[in-house]
Amino acid sequence: NDDKKNNKNDSKENNKNDNKNGKNRKLGKTFVKRAKTIHNHPDNLTPEQIQQHKHYSKQRTTKLITTMAQALLNPLQDDFKIGTIGSSVAAGHDNCHYDSYESQLQRTLSSIFLSAGMNLIVQNAGEGGGCGDSHENQVFCITHNVSPDVDIIHYSWTY
């Protein structure tokens, strides 16, 4: 029982230290952990990094358009598959399946693909990040989480 009191006191002391050194911020009468800085936010980028971002963004857009056009023009391809990985937000946790990002994506784009004679399949491989998982290590399991014949892989890792 004394151990529990000591742990509780240690925890309070750590929180006080975090409050003093700026790791926490005051919200009303309580302190909450300070959010992480987004390092790739446009306000934090140099002009060269912004130019590089625009270049890669154009390359990705061109690749996406080319991939979709090739699939739509291929007479042997009946399905267009989008595989998604991501956090619990992508998985649809704390939300109903109907409103998850992937379900909305499929509902939004299906009619476009159907008008071209192709089925759209969106595979949801979102996972909760509670086990220390992140977008940085989830990419190594893509072929295990979504089918290996997906046309596009997309990730959404937000909280």
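Going by the structure above, here's the rest.
What comes next is a walk through the structure. (Residues numbered from 1 in each chain as written. Predicted model: local features only at pLDDT ≥ 70, side-chain atom pairs only at ≥ 80, totals over all residues. Heavy atoms only, no water.)

### Considerations on helix α4 (residues 101-115)
Phase 1 of the analysis: Over its 15 residues, α4 extends 22 Å from the first C-alpha to the last, a length consistent with the 21 Å expected when each residue adds 1.5 Å.
Phase 2 of the analysis: Of all bends in α4, the biggest is about 40°, found at L109.
Phase 3 of the analysis: Inspection of α4 places E102, S103, L105, S110 and F113 among the buried residues, and these make up the whole buried set.
Phase 4 of the analysis: Packed against the buried residues of α4 are α2 (47-73), β3 (79-86), α3 (88-91) and β4 (119-126). (Helix = DSSP H or I, 4+ residues; strand = E, 2+ residues; numbered from the N terminus. Expected span 1.5 Å × (residues − 1). Bend = angle between axes of the 7 residues up to and from the residue. Buried < 20%, exposed > 50% of the residue type's maximum accessible area, 1.4 Å probe, protein only. Contact = heavy atoms within 4.5 Å.)

### Side note on the packing of aromatic side chains
Phase 1 of the analysis: Counting across every chain of the model gives one aromatic pair.
Phase 2 of the analysis: The interplanar angle of 25° and the centroid separation of 5.0 Å between the aromatic rings of F80 and F113 together place this pair among those described as stacked. Residue F80 is located in strand β3, and its partner F113 is located in helix α4; the two are separated by 33 residues in the primary sequence.
Phase 3 of the analysis: Geometry around Y98 places R107 over its ring, the cationic atom sitting 3.7 Å from the centre. (Phe/Tyr/Trp six-rings, centres within 6.5 Å; stacked < 30°, edge-to-face > 60°. Lys NZ or Arg CZ within 6 Å of the ring centre and 35° of its normal.)

### Details of the environment of E102
Phase 1 of the analysis: Secondary-structure assignment places E102 in helix α4.
Phase 2 of the analysis: Once residues lying within four places of it in the same chain are set aside, the contact partners of E102 are T84, A90, V122 and N124.
Phase 3 of the analysis: Separated by 3.3 Å, the side chains of E102 and N124 make a polar contact. (Polar contact = N/O pair within 3.5 Å; in protein donor to acceptor, adjacent residues only side chain to side chain.)

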